[in-house]
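Each chain is listed here by its residues.
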Amino acid sequence: MLDPVILGRIQFAMTVGFHFLFPPISIGLGWLIMIIETLGWRKKEEAYVKLGKFFGKLFALVFGVGVATGIVMEFQFGTNWAEYSKFVGDIFGAPLAAEGIFAFFLESVFLGVFLFGRNRVSKAFHWFSSLMVAFGATLSAFWIIVANSWQQTPTGFVLKNTKTGEVLSFEAFEALKTIDPGMAKLVRAELVDFWGAVFNPSTLVRYFHTVDAALISGAFFMAGVSAYLILKNKDTELMKKSLKVSVIFGLIVSLLEVFPFGHEHGRQVAKTQPEKFAATQGLYTTTESAPLAVFAFPTDSPPKLKAKIEIPGILSWLAFGDMNAKVKGINEFPKENIPPLFITFVSYHNMVALGMYFIFIMGLSVFLLRKEKLYQNRKVLKALVWSIPLPLIACQLGWIAAEVGRQPWIVWKLMKTRDAISFNVPAGEVLFSIILFAIIDILLLTALIYFLKKEINKGPNYVKAAEVEA
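Since this is a predicted model, take the numbers as computed values, not measurements. (Residues numbered from 1 in each chain as written. Predicted model: local features only at pLDDT ≥ 70, side-chain atom pairs only at ≥ 80, totals over all residues. Heavy atoms only, no water.)

Engineer: Looking at this model, I keep getting lost on empty space enclosed by the protein. Mind explaining?
Structural biologist: To find leftover empty space, one rolls a probe the size of a water molecule over the atoms. Evaluated as defined, the whole model comprises three cavities of 30 Å³ or more. Considering only enclosed or pocket space, the largest cavity measures out at about 70 Å³ in volume. Lining of the largest cavity is provided by I91, F92, A94, P95, V146, A147, W150, L191, F194, A197 and V198. The class makeup of the residues in the lining of the largest cavity is eleven nonpolar, no polar and no charged. Estimated volume of the second largest cavity: approximately 50 Å³. Every residue along the wall of the second largest cavity is listed here: G30, I33, G56, F59, L111, F114, L115, S130 and V133. Residue composition of the lining of the second largest cavity, grouped by class: six nonpolar, three polar and no charged. (1 Å grid on protein atoms, 1.4 Å probe; cavity = no way out; pocket = protein on both sides within 12 Å on 5 of 7 lines; lining within 4 Å. Points joined across faces, edges and corners; volume = space filled by probe spheres on them. Nonpolar A, V, L, I, M, F, W, Y, C, P; charged D, E, K, R; others polar.)

Written as structure tokens, this is what we have:
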């Protein structure tokens, strides 16, 4: 028999995961385009203007698909997750509304100016439009991260009985679920402190970590496209300029992703979500001077790490700044509140491994750039081309670690995922929509890759002279 909860999870994971392929490129590429436009404006070089126009077209293609897939993602809250929407809609809806009003419209309006206003507005205003596109994309990410972070570390709300008006403590709410489940369904989480909810304990560290991952994605996209055209010996001099900008930028943001952003995010999870932290690290027993598992093969039943390679004390230091600190293991928590161990551990560690690769390949590229050997090194150029999707894979793995590691809670310690589903939506209808969305996603991705490849193969010199006039 089909389980609507499992199907609802599959559909949400599929639609969110597919959508999350596009915002990282939009954010990262947006800031790189702004840098290129700045160089073109200040240096008065036509080469940078052509590059801005070229990468602007690629940005527009990715942005368009991202908008379409994002709308589908948000509609699911009212279809498949009705109980969730009833319980926390007062809170969760606010940042989503703010994202549309304050960020999406800003980005969309100035994207139109950037794409079609060149030579129709002043150079200063056109440059400003590129800044607003990048800022708008980054601001949009902030409100989405606010909504998701509130699920991870909820604050700024009260639990209120909508019939009696009574405000309940968490303990009273939990007891009511057992004593009178019908009355418990009348309880909603209501927003009482907007800024408290916005700046909950995980918002800023998760935001900086996620946005920096997007900057890495944009850097690898621009570097890969530039390397591809250099290998094809097409518009080589122009592509050398964009490759130089992207690898230097890429090295900086790759280093920042490890420290401070990744490190601080890890410390936050260890403090506020110790079950998730233990699962990501494969720490199954509470340990002083806890070791960092560099490599292992985890099993769920029984919880165990096989073929493990560990560094003693490092996990304690990373989490609490003390190599002798005690770190809680999975054994400290009720079995029913432990997240899936295998997928949480594997997704987290593969994300970290990719992060190390990003530093290596960008560091090697910058080293070769300083030696004036990068543009002739076909192996490294090919590696950059093939690395284009890797930051997106890392983003997906990070999202999996964060969301699966939160289970069984949809809102941490407040509402379980199994209680959040729309109970009146038949499983068969959910399955049908999954199949339909899968077909649409495949068609969208195929079309996007086709048109991206078509525009990339044209190269920046395809841009008409009228489009880059001084």
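From this point, things continue past the structure.
Engineer: What should I look at first to understand the packing of helix 9 (residues 203-231) against helix 15 (residues 390-404) in this one?
Structural biologist: The angle between the axes and the distance between the axes are what describe a pair of packed helices. The geometry of helix 9 relative to helix 15 is characterised by a closest axis approach of 9 Å and an angle of 160° between their N-to-C directions. It follows that helix 9 is roughly antiparallel to helix 15 by the angle criterion. For the crossing formed where helix 9 meets helix 15, the hand is left-handed. For the pair formed by helix 9 and helix 15, the contact residues are R206, A213, I216, S217 and F220 on the first element and P391, L392, C395, A402 and E403 on the second. Residue composition of the contact of helix 9 with helix 15, by class: seven nonpolar, one polar and two charged. (Axes fitted to C-alpha atoms, helices over the stretch in contact; angles between N-to-C directions. Helix = DSSP H or I, 4+ residues; strand = E, 2+ residues; numbered from the N terminus. Parallel < 35°, antiparallel > 145°, perpendicular 65-115°, else oblique. Left-handed = near helix turned anticlockwise from the far one by under 90°. Contact = heavy atoms within 4.5 Å.)

Engineer: In this structure, what is going on with the sheet that holds strand 1 (residues 157-161)? I would like to understand it.
Structural biologist: Pairing between the strands of a sheet comes from backbone hydrogen bonds, and it takes one of two forms, parallel or antiparallel. The three strands lie next to each other as 2-1-3, forming an open sheet whose pairing is antiparallel. A strand with exactly one partner marks an edge of an open sheet, and here the two such strands are strand 2 (167-168) and strand 3 (187-191). Bridging between strand 1 and strand 3 involves five bridges; their strand directions are antiparallel. In the strand pairing of strand 3, V158 is matched with E190. Taken strand by strand, helix 4 (residues 82-116) contacts strand 1 and strand 3, and its axis lies near 5° from that of strand 3. (Pairing = 2+ DSSP bridges.)

Purely spatial values, then, with no claim about function.
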